[in-house]
Amino acid sequence: MDCISVVLAAGEGTRMKSKKSKVLHEAAGLPILEWVLRAVRAVDTKKNILVLGRAIEEVKAVYGGGVLYAEQKERLGSGHAVMSARGHLEGFHGYTLIVAGDMPLLTGETITRLAEETQQGGYDCMLLSAELQNPFGYGRVIRNEAGDVTAIVEEKDATEQQRLIAEVNASCYCVKNDVLLKCLDRLEPKNAQNEYYLTDIVELINGDGGRVGAVTAADYRECMGVNDRAQLAEVSGILRGRINVAHMKNGVSILDPQATYIGPDVTIGQDTVVYPGVVLEGRCSIGGDAVLYPGSRIKDSTIGDKTTVQNSVMLDAKVGEGSTIGPYAYLRPGTEVGDHCRIGDFVEVKNSSIGDGTKVSHLTYIGDADFGKDINVGCGVVLVNYDGKGKYRSRVGDGAFIGCNTNLVSPVEVGEGAYIAAGATITEDVPPNSLAIARARQVNKTGWKDKREK
């Protein structure tokens, strides 16, 4: 089935009270618009057209050439918005999906069902509907005895009997593109707002002897739009709930789902335990049998099986199997920690590799360095990697021992099996299996205090 999509996202979003375009506000880790695009791409759309208003340049900066753009310079209704995309519709002979750009709860399963039933049922147009307990304010879906849609009647135009109908229009359509183009030619602003209503295509198609149907969403919440921050928070909670339930069904223990924030592009292995207050963002891959304790933020990072992270931050970092991270560790971009390592409290690692079995227990900064295997790093060690102009890289060989309060002034190389005495400032390479001492000899001056006071 050949499909293209037209996503209507030209609204001003004034109720968001924001300088940012409404559709770029994030819900559960992704822009509202991205959730909509993922839903329509479930039917393998050949191209996706975004109809935008003043925010067109802002959205282009995010999506670049991955989509097509149409600008609606005047706000003259939903029909006019689709007219703005007409240049991208000409010459296409499949089906066009028309979706509101502020419906992040819409799922790919629902869009697929809408498209398939349009084609299989021989419909010229299918719309998505929802059953609401309180349909006030929505356009009602009017069906005939065969179940086909004969009209969409807005609240203000509905009779008392029509207002009792609970099925409402969700502003999502699948239309034969050739039929859509003919309807666009005939849309007229026949209303007090002097706007072109897309809903008028239902009357036009029926008048031409065509068929219009409706698919009712399994969950009415899929049809919720986002107009303000309160609604954004509401849909974000629903999306997070979906994500967490999916992980739990796949064998992950989430102790308090309402207090756990997992992004849509995160993978987690079986028997991993996630405590409350954990935030997993971006493209994270968490292994099996891992434990993520409260207060950890992990973004675009990889964690191996049986690794424990406690009260720590990881950004674009990798940790192997059976390692322990934290509490209060900070792994910055470019960090790679091996298997069975220990990165302890108040340790910061940046753009560095830490070999298997190496222990960096506390109060240490490692930046722009390569540490080998089975190294012991004492408390208070600092890689002095910046001289005010440039950054330099150091290397520490396997099995080395770095004493407490050592400064390694980059670039230096510490050989395999070397020892560095506590309190040293190392500015030259240390040969393998050597002991480096780089500190002043201790001198005790007896009676110094008495002389000072006199």
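Check the entry above for the structure.
Residues numbered from 1 in each chain as written. Predicted model: local features only at pLDDT ≥ 70, side-chain atom pairs only at ≥ 80, totals over all residues. Heavy atoms only, no water.

Across its full length, the protein carries nine helices and 39 strands. Expected size for 454 residues packed as a compact globule is a radius of gyration near 22 Å; at 31 Å, the protein overshoots this value by more than 25%. For the C-alpha atoms alone, the extent of the protein along its principal axes is close to 105 × 50 × 45 Å. Buried positions account for 48% of the 454 residues belonging to the protein. Relative to all contacts within the protein whose residues are 6 or more apart in sequence, the contacts with residues 24 or more apart total 41%. Computing the positive centroid from 50 side-chain charges and the negative centroid from 59, the protein places the two 8 Å apart. (Helix = DSSP H or I, 4+ residues; strand = E, 2+ residues; numbered from the N terminus. Rg over C-alpha atoms; globule rule 2.2 N^0.38 Å. Buried < 20%, exposed > 50% of the residue type's maximum accessible area, 1.4 Å probe, protein only. Contact = heavy atoms within 4.5 Å. Lys, Arg positive; Asp, Glu negative; His and termini not counted. Charge placed at Lys NZ, Arg CZ, Asp CG, Glu CD.)

Turning next to helix α8 (residues 229-249). A rise of 1.5 Å per residue sets the reference length of α8, with its 21 residues, at 30 Å; its end C-alpha atoms lie 30 Å apart and thus fit the reference within 8%. Residues of α8 that are buried include every one of Leu-232, Val-235, Ser-236, Ile-238, Leu-239, Ile-243, Asn-244 and His-247, and no others. If you follow the buried residues of α8, they end up packed against β2 (26-27), α1 (32-40), β12 (253-254), β13 (261-262) and β14 (267-268). Where α8 begins, the side chain of Asp-228 points an oxygen toward the backbone nitrogen of Ala-230, at a separation of 3.2 Å. Backbone geometry just downstream of α8 places Gly-251 in the positive-phi region, at approximately 100 degrees. (Expected span 1.5 Å × (residues − 1). Polar contact = N/O pair within 3.5 Å; in protein donor to acceptor, adjacent residues only side chain to side chain.)

The next point concerns the sheet that holds strand β33 (residues 394-396). The nine strands lie next to each other as β14-β17-β20-β23-β26-β28-β30-β33-β36, forming an open sheet whose pairing is parallel. For this open sheet the edge positions go to β14 and β36 (413-414), each flanked by a neighbour on one side alone. As paired strands, strand β28 (residues 353-354) and strand β30 (residues 369-371) are joined by two bridges and run parallel to one another. Looking across to β30, one finds that Ile-354 is bridged to Phe-371. (Pairing = 2+ DSSP bridges.)

Under the criterion given, the structure shown has three aromatic pairs. Their ring planes at 40 degrees and their centres at 4.8 Å tell us that Tyr-275 and Tyr-293 sit as a pair that is tilted. With Tyr-275 in the loop between β15 (273-274) and β16 (279-281) and Tyr-293 in the loop between β18 (291-292) and β19 (297-299), the pair connects residues that are 18 residues apart, well separated along the chain. For Tyr-293, a relative accessible area of 27% puts it in the partly exposed group. Look at Tyr-328 and Phe-346: their rings are 5.2 Å apart centre to centre, the planes differ by 20 degrees, and that puts the pair in the stacked class. Taken together, the residues span a long stretch of sequence, with Tyr-328 in the loop between β24 (324-325) and β25 (330-331) and Phe-346 in strand β27 (residues 342-350) at a distance of 18 residues. For Tyr-328, a relative accessible area of 47% translates into the label partly exposed. (Phe/Tyr/Trp six-rings, centres within 6.5 Å; stacked < 30°, edge-to-face > 60°.)

Let's shift gears to a negative patch on the surface. On the surface, Asp-271, Asp-289, Asp-305 and Glu-321 cluster together to form a negatively charged patch. The exposure class of Glu-321 is partly exposed, given its relative accessible area of 42%. (Patch = residues over 30% accessible without salt bridge, like charges linked within 9 Å, V, L, I, M, F, W, Y side chains within 5 Å. Areas by Shrake-Rupley, 256 points an atom, 1.4 Å probe, with all protein chains shown as cover. Salt bridge = Lys/Arg side-chain N within 4 Å of Asp/Glu carboxyl O.)

Attention shifts here to α1. Judged by how many residues are buried, α1 sits mostly within the fold: eight of nine residues are covered. Residues Ile-32, Leu-33, Glu-34, Trp-35, Val-36, Leu-37, Ala-39 and Val-40 constitute the buried set of α1.

Turning to the packing of helix α6 (residues 177-186) against helix α7 (residues 200-207), a few remarks are in order. Packing of α6 against α7 leaves a shortest axis separation of 10 Å and a crossing angle of 110 degrees. Here α6 lies roughly perpendicular to α7, going by the angle between them. On α7, the residues touching Val-179, Cys-183 and Arg-186 of α6 are Ile-201, Leu-204 and Ile-205. Within the contact of α6 with α7, the residues separate by chemical class into five nonpolar, no polar and one charged. (Axes fitted to C-alpha atoms, helices over the stretch in contact; angles between N-to-C directions. Parallel < 35°, antiparallel > 145°, perpendicular 65-115°, else oblique. Nonpolar A, V, L, I, M, F, W, Y, C, P; charged D, E, K, R; others polar.)

Looking at where Pro-189 falls in the secondary structure, it is placed in the loop between α6 and α7. Note on Pro-189: relative accessible area 28%, which makes it partly exposed.

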